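Tertiary structure, described
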Amino acid sequence: MSNSLELSNTVRRDVLRMTHSARKSHVGSSLCCVDIFAVLYHSIANIDPKEPEAEDRDRIVVSKGHCAAALYATLAHVGFFPVSKLAEYCTNGSPLFGHVTVGVPGVEFSTGSLGHGLPFAVGSAIAASRDDSDRRTFALLSDGELDEGSVWEAALLAAHHGLGGLTAIIDRNGLQSLTTTEATVALEPLAAKWEAFGWNVVTVDGHNHEELKRVLELPTTGPTCVIAETIKGKGVEFMENQVLWHYQPPSDDDLAKAIRALEHEAQQ
Amino acid sequence: MRKTFIATLLDEARRDPSIMLLTGDLGFNVIEEFAEELPSQFLNCGVAEQSMIGVAAGLAASGRRVFVYSIANFPTFRCLEQIRNDVAYHRHNVTIVSVGAGFAYGFDGYSHFGLEDLAVMRAIPGIDVICPADPLEAELITRMILKNDGPSYLRLRKEGEEIFHAEAPQFSRGDAIRLRSGSDLTIAATGTVVSLALEAHDRLADMGIDVEVLSVPFLRPLSPDCVKASIGRGLVTVEEHSVNGGLGSAVLDAVIACGEVPHLRKVGTPAATPSDIGESGYMWQSAGLTTEAVIEAVQSLLKPS
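Worth saying up front: this structure is predicted, and the values here are computed from it rather than measured.

**What about the overall build of chain B?**
When helices and strands are tallied, chain B shows eleven helices and twelve strands. Since a compact globule built from 305 residues should have a radius of gyration of about 19 Å, the 19 Å found for chain B is in line with a globular shape. Over its C-alpha atoms, taken along the principal directions, chain B stretches across nearly 60 × 40 × 35 Å. The buried share of chain B, taken over its 305 residues, is 62%. Carbon and sulfur atoms make up 50% of the accessible area of chain B, which amounts to about 11,600 Å² in all.

If you want it as structure tokens, here you go:
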């Protein structure tokens, strides 16, 4: 892929094909973080698919494990494994599980239950700090996931240890399992909460690659929380901002319509 | 037992900088020397067990050998899913050390009784489940854990435990340790209640009954000796733990898996919730965890049916 925009458009089409053929859920949750993955894997993280176990690699921890389709498609397109393997997503006996799981090249940590990724990332960042290593740790969290107390336990610890190598990215699409985050258990004022916990906080358009690159490149003292404002189902107009697409896989017609729109966008 | 554990870990950690000790803000008067001497290998995660286990997994994924220290139910039940998913599923080098087995915190009430932890840990695949009987076993097992890759659960009592071994026993990971030989029947005990098995042994000897006594520190992997002992003759298990799911159940499962009919009686704490407090000896009595109960179990197996 020559650039991150091309990567994200391609990954979106694969996410749709994967969830359609597997008839599995979480298409909306996958589409909304595609741009974050594209920027991280294409432009930011020090990761070499040829050396996935390199000790000084940056670590990307995907705490919102239900966006597995987006992660797997990104990993395949940046060279961790053949793109043809994506056809095995959620098929009998496949290593491509419906939630992010190790065993897939490039996956650092298995998730699927929310609230597990940030503590793991804090452990990884503490190790880097004590090793005097420059390697960075990124953790992608969903906003609904912030209901979990373990996130805030880890947030306290990260700030206490001033973990400059740690960046938490909140996929702030505003929707969770049944309705909006604010109608469920209100998160706002969210930036103020992270600030009060001692984190640097930056709010960005989570679909704007240039903005994402700018904030993710920032050298920091202390941990940074990037609140990436996103749209659930981004890139497929009829899926955008609809809780329905947290669960429903695309039908044949949905797929054809969505792919046409994304192909059109790619040609723009 | 907890001081022996920390002293052993400190001794090993001086030579191996990958060893880390994490605490959930517990270990007053126990962990200070480690924390002061090796600050880069120590981390107090605060009163936050779920986060602590995740942090331990993250450290282990970065090449550390992590020991997580807390009391009874805090590093087990409070963060069970983190143990299952973040540690065991990934086979990380994390040892969960739970101090206060059984009624060690007998006056502190049900929140502090460790009575179901072995059952729960046994249900999670891939974790060694270990309950040393005395400080000497605790020391040898701590060194053994460091030679073995993968997750472990180390269940310690607290302080002032009697030592049952005249000299350091020779045993490997998974072995039971024979404390007394005997031909009529076997009593297999785990943890400090080995004392009840030894007392029962002596009193039964006076009655002309010759029982073997095993200390069984490893519930997983489980010594084939325990299973062998129960084949063809009776076996009594003794544990400071619910009769549901602990040593007795582990032995029973292993015997059945061999296609044998078990001749087994379990002595442990009742499956019901205790509503009492007291020092250990009182609590053992209160729970029916007594030498008399062990003797009765032996006699019931020896009676011709």
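So, next bit.
**Considering the packing of aromatic side chains**
By the definition in use, this model includes ten aromatic pairs over all chains. Between F103 of chain B and F113 of chain B, the aromatic rings sit 5.1 Å apart at their centres with planes inclined by 85°, giving edge-to-face as the arrangement. One end of the pair, F103 of chain B, is in the loop between β4 (94-99) and α5 (117-123); the other, F113 of chain B, is in the loop between β4 and α5, with ten residues separating them in the sequence. Overall, F113 of chain B belongs to the buried group, its relative accessible area being 1%. Each member of the aromatic cluster is reached from another via a ring pair, and the members are W152, W194, F197 and W199 of chain A. When the ring centre of F238 of chain A is taken as origin, the NZ or CZ atom of K257 of chain A, which lies over that ring, is 4.5 Å away.

**Side note on the layout of surface pockets**
To locate leftover empty space, one rolls a probe as large as a water molecule over the atoms. In this structure, the largest pocket spans a volume of roughly 320 Å³. Among the secondary structure elements, those contributing two or more residues to the lining of the largest pocket are α5 (117-130) of chain A together with α3 (49-61) of chain B. Tallied by class, the residues present in the lining of the largest pocket amount to seven nonpolar, six polar and five charged.

**Considering the interface of chain A and chain B**
Across the contact, 23 residues belong to chain A and 27 residues belong to chain B. Carbon and sulfur atoms make up 56% of the area that chain A and chain B hide from each other, which totals about 1,800 Å². Ranking the residues of chain A by area buried against chain B places H116, R130 and E153 of chain A at the top, with a combined share of 31%. At the boundary of chain A with chain B, the tally comes to one salt bridge. A salt bridge links D131 of chain A to R64 of chain B; the nearest nitrogen and oxygen atoms lie 2.9 Å apart.

**Thoughts on the sheet that holds strand β4 (residues 200-205) of chain A**
Residues and elements named next belong to chain A. Spatial ordering of the open sheet is given by β1-β2-β3-β5-β4, a layout of five strands whose pairing is parallel. Looking along the sheet, the strands with just one partner apiece sit at the ends: β1 (59-62) and β4. Shown here is a sheet whose adjacent strand axes are inclined to one another by a mean of 20°, direction ignored. Looking at chain direction, β1 and strand β2 (residues 137-142) are connected through four bridges and run parallel. Bridged to V61 within β2 is A139. Sheet contacts for helix α3 (residues 34-44): β1, β2, β3 (166-172) and β5 (224-229); angle to β2, the most-contacted strand, approximately 170°.

About the cut-offs
Residues numbered from 1 in each chain as written. Chains lettered and ligands numbered in written order. Predicted model: local features only at pLDDT ≥ 70, side-chain atom pairs only at ≥ 80, totals over all residues. Heavy atoms only, no water. Helix = DSSP H or I, 4+ residues; strand = E, 2+ residues; numbered from the N terminus. Rg over C-alpha atoms; globule rule 2.2 N^0.38 Å. Buried < 20%, exposed > 50% of the residue type's maximum accessible area, 1.4 Å probe, protein only. Areas by Shrake-Rupley, 256 points an atom, 1.4 Å probe, with all protein chains shown as cover. Phe/Tyr/Trp six-rings, centres within 6.5 Å; stacked < 30°, edge-to-face > 60°. Lys NZ or Arg CZ within 6 Å of the ring centre and 35° of its normal. 1 Å grid on protein atoms, 1.4 Å probe; cavity = no way out; pocket = protein on both sides within 12 Å on 5 of 7 lines; lining within 4 Å. Points joined across faces, edges and corners; volume = space filled by probe spheres on them. Nonpolar A, V, L, I, M, F, W, Y, C, P; charged D, E, K, R; others polar. Contact = heavy atoms within 4.5 Å. Buried area = accessible area lost by both parts, 1.4 Å probe. Salt bridge = Lys/Arg side-chain N within 4 Å of Asp/Glu carboxyl O. Pairing = 2+ DSSP bridges. Axes fitted to C-alpha atoms, helices over the stretch in contact; angles between N-to-C directions.

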